[in-house]
Amino acid sequence: MKGKIKRVFPGGNTSKGFYSYYDYIIEDDANRIFVVKGGPGVGKSSMMKRVAQDLLELGYDIEYHHCSSDNNSIDGIVIPELNVAMIDGTAPHIVDPKNPGAVDEIIHLGDYWNVDKMERNKENVLKTNKEVGRLFRTAYKYLEAAKPIYEDIVDKNSEAMDFGKVNIETQKLIEEILEDINISEEPGKDRHLFGSAYTPKGWVEFTDTILQDAERIYYIKGDIGTGKSTLLERVYKEAQRRGLDVEVYHTPLIPEKIETVFIKGINVGLTISEMFKDDNKKVIDLNRFLNMEVIEKYQSELEYDKEIMNNLIENAIKTIKKAKETHDLLETNYVPNMNFDEVERARKEIVRRILRYKNRIR
């Protein structure tokens with residue numbers, strides 16, 4: 001039977017620039033971490049996809065860690081059953097071995113390019129890289145500008161909220177989900193990633209794959225500033241206190257905020273994703289606690305704020321798309337000068353080595 005696929009983003013384009021949760025791709029007790037390095041177009045993503053496909057066909061579940069700057073490309077794969085990962089270690093997500101040899105090793109695809117020919121493209125590579133950097137800085141300025149508009153919406157809606165009732169609703173939810181689980185001497189682990197991202201193709205989310213194993217899903221409904229992220233944080237931290245491991249998925253604009261939580265062990269998911277507005281065990285509607293008289297007072301301002309914020313985010317996405325198109329030009333400097341037969345041989349050897357861990361006890 002073919003393995004299951006889960007898709008996430010380990011990093012995101014945010015109001016704080018490129019924001020990384022790369023340290024959570026795999027735990028430090030991994031059996032093996034292959035850090036793949038090399039320029040654009042040398043085959044890093046393709047190699048990882050083909051390794052993943054081989055293992056899927058053998059029945060192993062695979063986590064695809066997608067690149068927010070090109071969601072068709074991947075920054076890494078994880079094979080949870082074997083506790084093995086392959087990770088793109090090039091900028092902007094610099095990854096270096098923490099335990100060289102014992103756990104981590106570098107796979108440098110630059111070993112398979114023609115250095116003499118590459119040197120002839122030096123000026124073009126430098127010029128193109130500079131332009132890619134400029135475009136991303138511009139995109140991040142748009143997202144940075146969107147944040148205070150978002151916060152203005154939060155301020156207005158917060159004024160209208162009865163947070164006392166939200167606290168009661170949150171506590172009732174915690175008791176419903178965790179009623180039979182006692183406080184543990186050993187707290188659970190938390191893992192942080194992105195479930196969605198601003199990409200060259202717009203806003204992309206993978207919540208459906210993240211919650212595919214959830215037996216109960218709670219849909220948290222509410223406008224900006226109604227306390228959704230705070231509710232999710234309280235639930236996941238309480239689950240941790242009771243010894244349960246949790247996966248926490250963050251929002252792309254403000255990376256500290258939360259959009260989805262998956263509580264392992266009891267297979268419960270909580271999400272703000274509209275993918276689950278109809279397919280859920282229960283809807284927790286925080287808009288019920290809004291004072292509509294206050295909302296009506298600010299209605300025109302709220303609508304204008306949302307329009308400005310969405311326009312800024314859209315401009316950021318358009319600029320990320322330009323950066324991706326410019327970055328693609330770099331591949332024309334690398335692809336013709338690569339020995340892909342050697343890359344393929346390296347891929348087959350990696351698959352062979354990964355399968356050595358199938359009987360390794362974690």
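Above this note sits the structure.
Residues numbered from 1 in each chain as written. Predicted model: local features only at pLDDT ≥ 70, side-chain atom pairs only at ≥ 80, totals over all residues. Heavy atoms only, no water.

Student: I'm lost on helix α8 (residues 340-354) in this one. Help?
Tutor: Note that an α-helix has 3.6 residues per turn; residues three or four places apart therefore point the same way. Here α8 spans 21 Å end to end across 15 residues, near enough to the 21 Å set by a 1.5 Å rise per residue. Here α8 has its buried residues at Val343, Glu344, Ala346, Arg347, Ile350, Val351, Arg353 and Ile354. Of the surrounding elements, those touching the buried residues of α8 are β4 (32-37), α1 (44-57), β6 (70-79), β7 (84-88) and β8 (104-108). (Helix = DSSP H or I, 4+ residues; strand = E, 2+ residues; numbered from the N terminus. Expected span 1.5 Å × (residues − 1). Buried < 20%, exposed > 50% of the residue type's maximum accessible area, 1.4 Å probe, protein only. Contact = heavy atoms within 4.5 Å.)

Student: I'm lost on the layout of surface pockets in this one. Help?
Tutor: Each pocket or cavity is described by its volume, and for the largest pocket that value is around 1,200 Å³. Lining the largest pocket we find 44 residues, and of these Tyr150, Gly222, Ile224, Lys228 and Ile272 sit closest to its centre. Broken down by element, the lining of the largest pocket gets its largest block of residues, six residues, from helix α6 (residues 228-241). Along the lines of polarity and charge, the residues of the lining of the largest pocket split into 17 nonpolar, 16 polar and eleven charged. (1 Å grid on protein atoms, 1.4 Å probe; cavity = no way out; pocket = protein on both sides within 12 Å on 5 of 7 lines; lining within 4 Å. Points joined across faces, edges and corners; volume = space filled by probe spheres on them. Nonpolar A, V, L, I, M, F, W, Y, C, P; charged D, E, K, R; others polar.)

Student: Would you mind going over the sheet that holds β4 with me for this structure?
Tutor: By definition, the strands of a sheet pair up through backbone hydrogen bonds, in either a parallel or an antiparallel sense. As summarised here, the arrangement of the six strands in space is β1-β5-β6-β7-β4-β8, forming an open sheet in which the pairing is mixed. Because the sheet does not close on itself, it has two edges, and the strands there are β1 (5-8) and β8. Strand-to-strand twist of the sheet, defined as the mean angle between neighbouring strand axes without regard to direction, takes the value 25°. Where strand β5 (residues 62-67) lies against β6, five bridges are found, and the strand directions are antiparallel. By the bridge assignment for β6, glutamate 63 is matched with valine 78. Of the strands in this sheet, β1, β4, β5, β6 and β7 are in contact with α1, which crosses β6 at around 50°. Strands in contact with α8 are β4, β6, β7 and β8; relative to β4, the strand with the most contacts, it is inclined by about 165°. (Pairing = 2+ DSSP bridges. Axes fitted to C-alpha atoms, helices over the stretch in contact; angles between N-to-C directions.)

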